[in-house]
Amino acid sequence: MQINPIGFNYGLNNQNIKNKVQKNNIEQNKKENLPSVSASYMLAFTGGKSLNLSQTVRQIEQFGSFPPDIKEEAKEIIKTGNPDNKTLIDVHKEKYDGLNYLDNLDDIKELYPEFEGVLPDSEVEIREGSFMDDVKKGKIPYFDKDQDVAVQLLQMYWGEGFSLNDLKNQFAGKNINSVFEKLNIPKTDRTYGYYLKFSDKEYNERFTSKMS
């Protein structure tokens, strides 16, 4: 069954959301001592490595690690000469886009064994006033209170490739990281996550579109 993720109206227009995402990117890069103003500035700063699949793979091999199958799939594309000029986000979404068409955690685990250890929200304690409690009470925009929180986070983080930082800041500062830990949702390696985000030339626009 196909679902329509993130389909609620938060009362913000596209430009407001886009500005918020950009501001969050700036603040996060300051914390990490990285220059920032926009995704395009960061792409220029990194010498285009984020947009060159071959260079991206070499950087991650040296400084980080890949999710299952991604490196192999990327190298197969590189062997063909990458005629479609694919970047890491393209390879990532080709594998994980299937998450957006599944609404059951068991089906997800069957298709993606790397998520075998993920817990449904029904199997964890939900504290009063916590992020998951707010979701279940219909207080968090873009989340369906009747759907498993684990499924929705897998779709946003792995299926869409949105960063943990942007998700956290978008949802009123709620600590999404602790929710990932409670539900045992795997997170990408930091280096992989960096290149994933900046390999997406339209990241802010795509995030804005999904969140509106």
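What you are looking at is a predicted structure, and each value in this text was computed from that prediction instead of being measured.

Engineer: Any chance you could explain the nonpolar core here in plain terms?
Structural biologist: Considering soluble globular proteins, one finds that nonpolar side chains tend to be buried as a cluster. With 49 residues, the main nonpolar core has F115, F131, L153, F171 and L183 as its most contacted residues. Of all the elements, helix α8 (residues 149-159) adds the most residues to this core, at 8 residues. Setting aside chain neighbours within four positions, we find L153 in contact with F143, W158, I176, V179, F180, L183 and I185.

Engineer: I would appreciate a short explanation of the layout of surface pockets in the present structure.
Structural biologist: The rolling of a water-molecule-sized probe over the atoms marks out the regions of remaining empty space. Reported here for the second largest pocket is a volume of approximately 170 Å³. R127, G129, S130, F131, M132, K174, N175, S178, V179 and K182 together form the lining of the second largest pocket. Of all the elements in the fold, those that place two or more residues in the lining of the second largest pocket are α7 (131-136) and α10 (176-183). In terms of residues, the lining of the second largest pocket owes the most to one element, α10, which gives 3 residues. Split into classes, the residues belonging to the lining of the second largest pocket amount to 3 nonpolar, 4 polar and 3 charged.

Engineer: Would you take a moment to explain the packing of aromatic side chains for this structure?
Structural biologist: In the structure shown here, the tally under the stated rule is 11 aromatic pairs. Residues Y96 and Y112 carry aromatic rings whose centres are separated by 5.4 Å and whose planes lie at 25 degrees to one another, so their mutual orientation is stacked. On the criterion of sequence distance, the pair formed by Y96 in helix α5 (residues 88-96) and Y112 in the loop between α6 (105-111) and α7 is long-range, its members being 16 residues apart. For the residue pair Y96 and Y112, the accessibility class agrees, reading buried in each case. Aromatic side chains Y157 and F180 sit 5.1 Å apart centroid to centroid with 80 degrees between the ring planes, which places their arrangement in the edge-to-face category.

Engineer: What am I meant to see in the environment of D106 here?
Structural biologist: Its location among the elements puts D106 in helix α6. With a relative accessible area of 56%, D106 lands in the exposed category. Along the backbone, D106 and V118 are 12 residues apart, and their C-alpha atoms lie at a distance of 9.8 Å.

Engineer: I tried to follow the packing of helix α3 (residues 53-63) against helix α4 (residues 70-79) on my own but got confused; where do I start?
Structural biologist: When two helices pack together, you describe them by how their axes are tilted relative to each other and by the distance separating the axes. Contact geometry of α3 with α4 gives a least axis separation of 10 Å together with a crossing angle of 145 degrees. Every pair of crossing elements has a handedness; the one defined by α3 and α4 is left-handed. On α4, the residues that touch L53, S54, V57 and E61 of α3 are K71, A74, K75, I77 and I78.

Engineer: What's the story with the pattern of salt bridges in this structure? I'm lost.
Structural biologist: Opposite charge on two side chains makes pairing possible when the charged atoms of those side chains draw close. Inspection of the entire model under this criterion finds 12 salt bridges. Among the ionic pairs, K86 bridges to E94, the shortest N-O distance being 2.5 Å. Assessed through its relative accessible area of 49%, E94 is described here as partly exposed. We note a salt bridge from K93 to E160, for which the minimum N-O separation is 3.4 Å. Here K93 is found in helix α5, whereas its partner E160 is found in the loop between α8 and α9 (164-170), with 67 residues between them in sequence. Of the residues examined, E160 reaches a relative accessible area of 5% and is grouped as buried.

Conventions and cut-offs
- Residues numbered from 1 in each chain as written.
- Predicted model: local features only at pLDDT ≥ 70, side-chain atom pairs only at ≥ 80, totals over all residues.
- Heavy atoms only, no water.
- Core = buried A, V, L, I, M, F, W, Y, C linked by side-chain atoms within 4.5 Å.
- Buried < 20%, exposed > 50% of the residue type's maximum accessible area, 1.4 Å probe, protein only.
- Helix = DSSP H or I, 4+ residues; strand = E, 2+ residues; numbered from the N terminus.
- Contact = heavy atoms within 4.5 Å.
- 1 Å grid on protein atoms, 1.4 Å probe; cavity = no way out; pocket = protein on both sides within 12 Å on 5 of 7 lines; lining within 4 Å.
- Points joined across faces, edges and corners; volume = space filled by probe spheres on them.
- Nonpolar A, V, L, I, M, F, W, Y, C, P; charged D, E, K, R; others polar.
- Phe/Tyr/Trp six-rings, centres within 6.5 Å; stacked < 30°, edge-to-face > 60°.
- Axes fitted to C-alpha atoms, helices over the stretch in contact; angles between N-to-C directions.
- Left-handed = near helix turned anticlockwise from the far one by under 90°.
- Salt bridge = Lys/Arg side-chain N within 4 Å of Asp/Glu carboxyl O.

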